[in-house]
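# Secondary and tertiary structure notes
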Amino acid sequence: MSDPSLSVNERKLLHCLLGFYREIGPGATPGLKGLDEEAGLERWEISEAVAGLRAKGLIEYWELQPAVRLTQEGLRAVLRLPVEGDA
C-alpha cells in the first residue's frame, strides 16, 4: 500500500534518491542538475516534487549546489512504498 499523501512525482523522486542512498551511502547528496532524467521527470516536476518532499521533511535541500538528500524520515517513507512498477 502506498502513502496517498505523496504525489506520483514525489514517489518517483524518493525512489531515485533511494538508489543514490544504496549506491553511495547515507551521505548521498545528488545535485538537481540531471536528477530529472534519473527520476524520469520533467524539470518542472522535479521542482514541485522537491518542494513537496521538503515541506514534508522527507528530504534536505541545499540551495548553493542545488542538491537534495533523504532525511531519516524520508528513508523510512520510501522503504514503505511499493517498488516502482509493482504499484
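Every value quoted in this text rests on a predicted model; they were computed, and no experiment measured them.

What follows is about the packing of helix α1 (residues 8-24) against helix α3 (residues 43-55). Look at α1 against α3: their axes get within 9 Å of each other, and the N-to-C directions meet at 85 degrees. Put simply, α1 runs roughly perpendicular to α3. Every residue of α3 that contacts α1 at N9, E10, L13 and L14 is listed here: E45, I46, A49, V50, G52 and L53. By residue class, the composition of the contact of α1 with α3 is six nonpolar, two polar and two charged.

What follows deals with the packing of α1 against helix α4 (residues 72-80). Where α1 meets α4, the closest approach of the two axes is 10 Å, and the angle between their N-to-C directions is 110 degrees. With respect to α4, the element α1 is oriented roughly perpendicular. Residues L14, H15, L18, Y21 and R22 of α1 touch α4, and the partners they reach there are G74, L75, V78 and L79.

Take the side chain of D36 next. The residue D36 is located in helix α2 (residues 35-39) in this model. Under the relative-accessibility criterion, D36 is labelled buried at 9%. In contact with D36, not counting residues within four places along its chain, are L41, E42, R43 and I46.

Turning our attention to the nonpolar core. L13 and L14 are the most contacted members of the largest nonpolar core, which has 22 residues in total. Elements that contribute at least two residues to this core include exactly α1, α2, α3, β2 (67-70) and α4. Element by element, the count of residues in this core is highest for α1, at five residues. Among residues more than four places away in sequence, those in contact with L14 are L6, L53, L58, L70, G74, V78 and L81.

This part covers the pairing of strand β1 (residues 59-62). Direction of pairing for β1 relative to β2: antiparallel, over a ladder of four bridges. Its bridge partner being in β2, W62 is matched across the sheet by A67.

The subject of this paragraph is the environment of V68. Tracing the backbone through its elements, the reader meets V68 in strand β2. In sequence terms V68 and L35 are 33 residues apart; their C-alpha atoms lie 9.7 Å from each other. Discounting residues that sit within four places of it in the chain, V68 has contacts with L17, A28, T29, P30, L32, L35, V50, I59, E60, Y61 and W62.

Tracing the sequence through the fold places F20 in helix α1. Put simply, F20 and R76 are 56 residues apart on the chain and 15 Å apart in space, counted from C-alpha to C-alpha. Contact partners of F20, with chain neighbours within four places excluded, come to G25, A28, P30, L35 and E38.

The rules behind these values
- Residues numbered from 1 in each chain as written.
- Predicted model: local features only at pLDDT ≥ 70, side-chain atom pairs only at ≥ 80, totals over all residues.
- Heavy atoms only, no water.
- Axes fitted to C-alpha atoms, helices over the stretch in contact; angles between N-to-C directions.
- Helix = DSSP H or I, 4+ residues; strand = E, 2+ residues; numbered from the N terminus.
- Parallel < 35°, antiparallel > 145°, perpendicular 65-115°, else oblique.
- Contact = heavy atoms within 4.5 Å.
- Nonpolar A, V, L, I, M, F, W, Y, C, P; charged D, E, K, R; others polar.
- Buried < 20%, exposed > 50% of the residue type's maximum accessible area, 1.4 Å probe, protein only.
- Core = buried A, V, L, I, M, F, W, Y, C linked by side-chain atoms within 4.5 Å.
- Pairing = 2+ DSSP bridges.

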